[in-house]
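Inside the fold
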Amino acid sequence: MRFKFFYTWLHSAFGHPPQLVEARNINGLAIGAPHPFYRLSGALSDFSENRYGHVDLVLNAVERVESGERAEYEWEGQGFTSHITRERVRFEHSVFGECPEWPIWCCTLAQYKAALQGYRRFLDMPKSIESELIIELPDGEPTGC
């Protein structure tokens, strides 16, 4: 599973100048193409560019869960709530809960951690149309989803 972090231009229809915004691509699919990992991609967008240190906070919590210091951790973003345990990270839509449009989905803790670490490294790069980072997520299937 390959995640690509990059910037793209967002053009407004209301006469505002274009903005450079973050984007993610999964396995080279077009933006918006269906893929099970789109929920993980959506969950990353809840971190608002680490503006308040939330990526660092959750990475720290993930490491504490991974080491067994904590049994679980829950991160509630605007789009998704992430229920984090050693066995899996479970994503539930923060507004609608479980519904046909937003089914519950899980990935492994290692996949979630790799995505967060990649996103954190990407945020340290210059905010430029030329900046991009490609990471490989570990293989694996979560248990108990």
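Structural notes, computed from the coordinates. (Residues numbered from 1 in each chain as written. Predicted model: local features only at pLDDT ≥ 70, side-chain atom pairs only at ≥ 80, totals over all residues. Heavy atoms only, no water.)

A tally of helices and strands in the protein yields 3 helices and 7 strands. The linear arrangement of helices and strands in the protein, starting from the amino end, is β-β-α-α-β-β-β-β-α-β. Taking 145 residues into account, the globule formula puts the C-alpha radius of gyration at 15 Å, and the protein, at 15 Å, falls close to it. Its C-alpha atoms give the protein principal-axis dimensions of about 50 × 35 × 30 Å. Within the protein, buried positions represent 44% of all 145 residues. (Helix = DSSP H or I, 4+ residues; strand = E, 2+ residues; numbered from the N terminus. Rg over C-alpha atoms; globule rule 2.2 N^0.38 Å. Buried < 20%, exposed > 50% of the residue type's maximum accessible area, 1.4 Å probe, protein only.)

As summarised here, the arrangement of the 4 strands in space is β3-β4-β5-β6, forming an open sheet in which the pairing is antiparallel. At either margin of the open sheet sits one strand with a lone partner, and together these are β3 (72–76) and β6 (105–107). Sheet twist, expressed as the mean angle between neighbouring strand axes with direction ignored, is 20°. Sheet analysis places β3 next to strand β4 (residues 80–85), joined by 5 bridges and oriented antiparallel. Pairing of tryptophan 75 across the sheet is with serine 82, part of β4. Strand contacts of helix α2 (residues 54–67): β3 and β4, with the helix running at about 160° to β3, the strand carrying the most contacts. (Pairing = 2+ DSSP bridges. Axes fitted to C-alpha atoms, helices over the stretch in contact; angles between N-to-C directions. Contact = heavy atoms within 4.5 Å.)

When you tally the buried positions in strand β2 (residues 19–26), you get 6 out of 8 residues, the bulk of the element. Here 8 bridges tie strand β1 (residues 2–10) to β2, and the two strands are oriented antiparallel to one another. Along β2, the bridge assignment pairs tryptophan 9 with leucine 20.

A word on the packing of aromatic side chains. Aromatic ring pairs are reported here in terms of the distance separating the ring centres and the angle at which the planes meet. Per the stated rule, a full pass over the model turns up 8 aromatic pairs. Chaining the aromatic ring pairs together yields one cluster made of Phe3, Phe5, Tyr7, Tyr119 and Phe122. Stacked on the ring of phenylalanine 6, the Lys or Arg lysine 4 has its end atom at 5.2 Å from the ring centre. (Phe/Tyr/Trp six-rings, centres within 6.5 Å; stacked < 30°, edge-to-face > 60°. Lys NZ or Arg CZ within 6 Å of the ring centre and 35° of its normal.)

In this section: the sheet that holds β2. Taken in spatial order, the 3 strands of this open sheet run β2-β1-β7, and their pairing is antiparallel. The open sheet is flanked by β2 and β7 (132–136), the only strands paired with a single partner. Averaged over neighbouring strand pairs, the angle between their axes works out to 25° when direction is ignored.

Our next topic: α2. Between its first and last C-alpha, α2 extends 20 Å over 14 residues, near the 20 Å set by a 1.5 Å rise per residue. For α2, the full list of buried residues reads Val55, Val58, Leu59, Ala61, Val62 and Val65. The buried residues of α2 occupy one face: seen down the axis, they fall within an arc of 165°. Looking at the buried positions of α2, the neighbouring elements they touch are β3, β4 and α3 (109–123). (Expected span 1.5 Å × (residues − 1). Arc of directions from axis to C-beta.)

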